[in-house]
Structures are given as C-alpha cells and as structure tokens.
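Residue-level structural notes
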Amino acid sequence: MTDAQETAADLRTTTGGGPPDDVEKAPIPLLEPREGIPPVVADEDALARVVAAFAAGTGPVAVDAERASGYRYGQRAYLVQLRREGAGSALIDPVGCPDLSALGEALSGTEWILHAATQDLPCLREIGMVPTSLFDTELAGRLAGFPRVGLGAMVESVLGYALEKGHSAVDWSTRPLPEPWLRYAALDVELLVDLRDALEKELDRQGKLEWARQEFDAIAAAPPAPPRKDPWRRTSGMHKVRRRRQMAVVRELWESRDRIAQRRDVSPGKVLGDAAIVEAALALPANVHALSALPGYGQRMGRRQLEQWMAAVDRAKALPENELPQPGASPAGPPPPRSWADKDPAAAARLAAARTAVSALAEGLNLPQENLITPDTVRRLCWEPPQRLEPEAVAQALAGHGARPWQIEQVTPALVRALAATA
C-alpha cells in the first residue's frame, strides 16, 4: 500500500469509515489506470492471448461484469473486466467472444475477487466463467461493519482513492463503447486486489475472517437459481389484484409483453410498464377505446399496439373458470409475519423475542442482522421450533434451514434464551 492507502485504512479502522469530524480531510485523489485503458478484446485471437496471459499470472484475479439492465432483455454480460498480477487488466466483449469457458478453465483454482458477487455470477456463468473459490469485497465490508459497502465508498474509505462515477447505469450493449465508459469499467478492477487484502486483514483483526470464508464458500458452491414459478405474479402492484379474472389479465399481458421483449431484445419495462398491466387488469376494459383511456396506454401508443394488448385482455376474459389462475399459493414455509398474531399468537411472541435477541447480538458484533442470520431462517425457526428448546436441537434446526456453522455458533445461545422465555 501507499502511505495514503495505509493512512486511510488506519483512519477507517479507528473510526469506522473515515476521519473524525475534527480532523481536516485531505483531498481524495482520483484513481487513474496504472497502464492506461486496455483495448477491448472482441475476437478469438485476442482472447487467446488474454487467456494465456492470465493463466501465467500470479495471485487472485479481480473480476467484474457490466450488464444492460433496464435496456436489454435478460441479464447477460456485455463487458467483462479482469485484472491479475503479471497479466495487467483486460476488457472482454462477450458479444464478440460469447464463450469464455477457456478463460474460466485457465483461472480454475484461482481465487476470484468480486464486489457483490451474487449480482455478477449468473451472467458470468452464462458465458462459461464459474469460480471455484472467491472473495466478495462487498460482503466482507458488511461483515467488517462498514456503514457503506458500495465499491466507490469502500475504495475511498479503505484505500484513499476516489473512483469515477456516473456510468454504472448506462446501456452497456452500446457499440462501440465510449472511452469514458471503458475507463470507468477498467477502474472497477484496478484496486480490487488491494481492497481484498486490506479487508482480509481487518476481518482477521476482528476475528471474523473464518466467518467470511464460510460465506464465500457458500456463494461459490451455490447452484444456479431455478427458474421462477409463475413470474407474472411478481408484477409490481400485484397486491391490488384480487379477483381471479383480473389475475388472468395480468398473466396474459405479462406473457405477451415477455414474448415481445425477448423477440426485440429490450427490457420488458420498455414494452409495457407493470403499472399499465395492473391498470388493465383492474379495469377489464371492454374494447380498444376503453383500454386507450387507461394510464400507460395513452396517445403515444399506436393502434396496432393497443390491439395486441386488447387481444391479451380478451383472451383472459374468455377463459373458462377452471383455467383461471388460483390466488397466489403460499410459499413454502411460514405465512407472512403480519398474520402471526391472529394465526398463532405463541409463534408471534417467539418471533418478537427472537428478533430482539438477534438485533442486539448483531449490534454487538457490528454487522447487519441479515448477515448474522437471515430473517427467513429466524421466521422458520419461530414458526416451527424444535420440541426440545436445547442448544443442540436449535442448532440442528438452524443448520437444516441453511445457516452456516459460524452463524449457528453465534446465534444459538441467544435464540435458545429467546424461545425459552416465551415457552
């Protein structure tokens, strides 16, 4: 580390994220690429050279990916950034190089450093890149008790540099990518290795390094998420839709929109907004004229578009009763906590006591409650507690719900006391 980095790290360690109010803040230097902006790799020959260089590199590899969320259909990667000692930085275009499995294989056994790994791993998996081990700097920051865990905030508070801002939400499917965007992308991996090393030291100092390792291993070992069942039920505003016929309208409009968005490769929200889908479901318009009067179907929508949405509404209106969707099936596990007081007052009392205990414990450990133990795990334990409220039984129940060993060790005594107090 440079002197500035060490000073910033010391300040962060002693004050929890920055210098105290009575210390004059020195200007924070803007981070610059050490070797300039690397050329974008967009063909197989250039990719082969990158694979060879990174295979010959040493130490962990910093990895990031940029998507076009809100612009394109799905969550595919449109740029992959890497950096490794001995190889420098690389920017790879997955449009020109859609199969990066050779790169993934070259990095097998190497620790990958990502920031908010669960966001990027699905799109990296699609192009053949799957880590065998990883270090998540965002999650490390959470476990270490940082109040702000965005990459820019972490680099600034730990390493004493400012990252360029302003391009995180751009359309990364744009070609060619503008140079300022590429600069921004290259800087995202410039100091990830340095950040990882500093966070590892801090976690070790706090006695939390083994906790972090268990979390990282769980992320790396997690299988791909299964496809969502009835994804149309996640339409924003769906809670307003009560009748089954109205639900059928939401389903027909959602599925029509999804087909169009996939065919055009655009974000579904750019085809038709969720709010417009819900408006049509609630109104059940009789014809195109009535549909056009609803919010979201205004003057800028052409007649042909209106007719295709009206056709979806008509299909839903024509369905026989036995083909209408049922009200949302209760997800596996306990009901929403707001209904516990009526359904099972004893369970509601257990949950209140458990939440209080977890909150106090998390505060004492200086980490977010949801990282100490997931709220869903606490709910499941309180809804169906073990018959014997003993540490072994509670620990076994927590393990059955997916809690990691470090979490079980930390929360079991507090949860046993909470459950016993309400028995």
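The structure this text deals with has already been given above.
Here's what I pulled together on the structure shown here. Per chain, the residues get numbers from 1 upward, laid out in the order the sequence is written. Where totals are concerned, whole chains, interfaces and linings use all residues; where local detail is concerned, this predicted model gives features only for residues with pLDDT of at least 70, and gives and counts side-chain atom pairs only at 80 or more. Based on all heavy atoms of the structure, the side-chain values leave hydrogens and waters out of the count.

All right, on to the sheet that holds strand 4 (residues 88–92) then. Strand pairing requires that DSSP identify at least two bridges connecting the strands. Helix numbers and strand numbers start at the N terminus; a helix is a DSSP run of H or I with at least 4 residues, a strand a run of E with at least 2. Spatial ordering of the open sheet is given by 1-4-3-2-5-6, a layout of six strands whose pairing is mixed. Lying at the two open borders of the sheet, with one neighbouring strand each, are strand 1 (40–41) and strand 6 (133–136). In this structure, strand 5 (residues 111–114) lies alongside strand 6, joined through four bridges in parallel fashion. What sits directly across from glutamate 111, in strand 6, is serine 133. By definition in these notes, contact holds between two residues if any of their heavy atoms fall within 4.5 Å. Axes here mean lines fitted to C-alpha atoms, for a helix over just the part in contact, with angles spanning 0 to 180 degrees between N-to-C directions. With respect to the sheet, helix 2 (residues 44–56) is in contact with strand 1, strand 2 (58–67), strand 3 (77–85) and strand 4, its orientation differing from that of strand 4 by roughly 145°.

Turning next to the packing of helix 8 (residues 192–206) against helix 9 (residues 209–221). In contact at an axis separation of 7 Å, helix 8 and helix 9 are set at 125° when each is read in the N-to-C sense. On the basis of the axis angle, helix 8 is oblique to helix 9. Where helix 8 abuts helix 9, its residues Glu200, Leu203 and Asp204 lie against Leu209, Ala212 and Arg213. Under this scheme an angle from 65 to 115 degrees is roughly perpendicular, one under 35 degrees roughly parallel, and one over 145 degrees roughly antiparallel; angles in between are oblique.

In this section: helix 7 (residues 179–190). Expected helix span is taken as 1.5 Å per residue step, with the number of steps being one fewer than the number of residues. If you check helix 7, its first and last C-alpha atoms are 16 Å apart, about what 12 residues at 1.5 Å a residue would give, namely 16 Å. When a residue's accessible area, from a 1.4 Å probe over protein chains only, is under 20% of the maximum for its type it is buried; when over 50% it is exposed; and in between it is partly exposed. In terms of residue burial, helix 7 counts as a mostly covered element, since nine of its 12 residues are buried. Turning to helix 7, the residues buried within the fold contact strand 1, strand 2, strand 3, strand 4, helix 6 (151–159) and helix 8.

Owing to its 3.6 residues per turn, the α-helix aligns residues three or four sequence positions apart on the same side. Counting buried positions over the nine residues of helix 6 gives seven, a clear majority of the element. Regarding helix 6, the residues found buried are Leu151, Ala153, Met154, Val155, Ser157, Val158 and Leu159. Residue glycine 160 follows helix 6 closely and has a positive phi angle near 80°.

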